Amino acid sequence: MYPATFDYRRASSVDDALSQLASETDRDVRPIAGGHGLLPAMKAGELAPDVLVDVGDCDELGAIEPADDGEGVVVGALATHADLLDSPVLADRVPLLAETAGAVGDVQIRNRGTIGGNLVEADPGADLPAALLALDATVRLRSPDDRRDVPAVDFFEGAGETVVADDELVTGIVVPGAGDGAYAKKTHPARGFAMVGVAAAVELADDAIADVRVGAVGATERPIRLSAVEDALTGAGVDEASGAPHDDGALADAAALVDDDLSAEPRRGDVHASAAFRARLLRTHVERATGAAIERANGGETE
């Protein structure tokens, strides 16, 4: 299918892009980078913007750099999934984000799709939001007159819905250096997105779980933090030799609390997996992700 007719413009800088986005308030003006979410929606007739502003030449949005605090990372919105996967800065400071980027789509998608576009598309099965929630990341937004930072946990409002205003542009993501982590995913058989996906970040102290953060996608209309699971695991003792909790049932008991975390959220289901089946899958993948993250935090490595 062909998309509806639209005007195409190319921005030379972030300021230029913001100016063009705000220039015609009576028309639907949208930014485009990799286009992996926007163009298919236009071809399917789901979206029909009047103007597309190409931000691909805004070089200042493409960097992946150490944060000023000396531990975290600042990721530009135009960084592709392949950039995340190959970044030595991420590999050193926040490998969970690089690992999750490696689970996105296929080679073509990873080479063209951008982290900024991935977040703004807000597909409920997108992989990266799970990691950004687990990492306590912050999304940077700019408008012609203002800048603001939004915690990732507050960024997503529903399927395809975020807090980004019409005149705002995602310029980057700030990711604190935080713990060891792992990502576990059940791939949707038709779409390649996550039927369910779970990212876990863990910090240990005195042979116990001092902090754990778990982000989940796929089972609900927006990415969520699994706070009940986190509370159940925090403080649990960890065996120094095996890297597993002292209590053999601790991970399963914590994962069983997934339903508590899902209770306040609209659940997702389709012909491939009902909402109830996704919840069951989520429990399994919570165990896998948290178990792998704990083992890594204890100095081990998982496949």
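These notes cover the structure that comes with them. These figures come from a predicted structure and were not determined experimentally. (Residues numbered from 1 in each chain as written. Predicted model: local features only at pLDDT ≥ 70, side-chain atom pairs only at ≥ 80, totals over all residues. Heavy atoms only, no water.)

### Focus: the packing of aromatic side chains
Our working rule: Ring pairs shown here join Phe, Tyr and Trp side chains whose ring centres sit within 6.5 Å, with only the six-membered ring taken for Trp; geometry is labelled stacked below 30 degrees between planes, edge-to-face above 60, and tilted in between. Working definition: with a 1.4 Å probe on protein chains only, accessible area under 20% of the residue-type maximum means buried, over 50% means exposed, and in between means partly exposed. Ring-over charges, as used throughout, are those where CZ of Arg or NZ of Lys falls within 6 Å of the ring centre and within 35 degrees of the ring normal.
Applying the stated criterion across every chain, the model contains one aromatic pair. When the ring of F155 is compared with that of F156, the centres are 5.0 Å apart and the planes differ by 85°; the resulting orientation is edge-to-face. Taking relative accessible area as the criterion, F155 reaches 0% and is therefore assigned buried. The ring centre of F193 lies 4.2 Å from the NZ or CZ of R191, which sits over that ring.

### Some details on a negative patch on the surface
Put simply, the rule is: By definition, no residue in a patch forms a salt bridge, and every one has over 30% relative accessible area; like charges are joined within 9 Å, nonpolar side chains (Val, Leu, Ile, Met, Phe, Trp, Tyr) within 5 Å. All accessible areas in this document rest on Shrake-Rupley with a 1.4 Å probe, and a residue is counted as covered only by the protein chains that are shown. Salt bridge criterion: a side-chain nitrogen from Lys or Arg within 4 Å of a carboxyl oxygen from Asp or Glu. This count recognises Lys and Arg as positive and Asp and Glu as negative, with His and chain-terminal groups excluded. For the purpose of locating charges, the reference atoms are NZ of Lys, CZ of Arg, CG of Asp and CD of Glu. Note on conventions: DSSP H or I runs of at least 4 residues are helices, E runs of at least 2 residues are strands, and numbering of each starts at the N terminus.
The grouping of D145, D146, D166 and D167 at the surface amounts to a negative patch. For D166, the location among the structural elements is in the loop between β9 (161-162) and β10 (169-175).

### Observations regarding the sheet that holds strand β6 (residues 138-142)
The criterion, for reference: Two strands qualify as a pair provided DSSP detects at least 2 bridges between them. Structural elements are reduced to axes, namely lines fitted to C-alpha atoms, with helices fitted over the stretch in contact, and the angle between N-to-C directions of any two is expressed from 0 to 180 degrees. The contact definition used throughout considers only heavy atoms, calling two residues in contact when any of these lie within 4.5 Å.
Spatially, β4-β5-β10-β6-β7 is the arrangement adopted by the five strands of the open sheet, whose pairing is antiparallel. Each edge of the open sheet is held by one strand with a lone partner, namely β4 (64-66) and β7 (147-151). Each adjacent strand pair in this sheet contributes to an overall mean axis angle of 25°, direction not counted. As judged from the five bridges shared by β6 and β7, these two strands associate in the antiparallel manner. Bridged to V139 within β7 is V150. Packed on one face of the sheet, helix α1 (residues 14-21) meets β6 and β10 and runs near 130° to β10.

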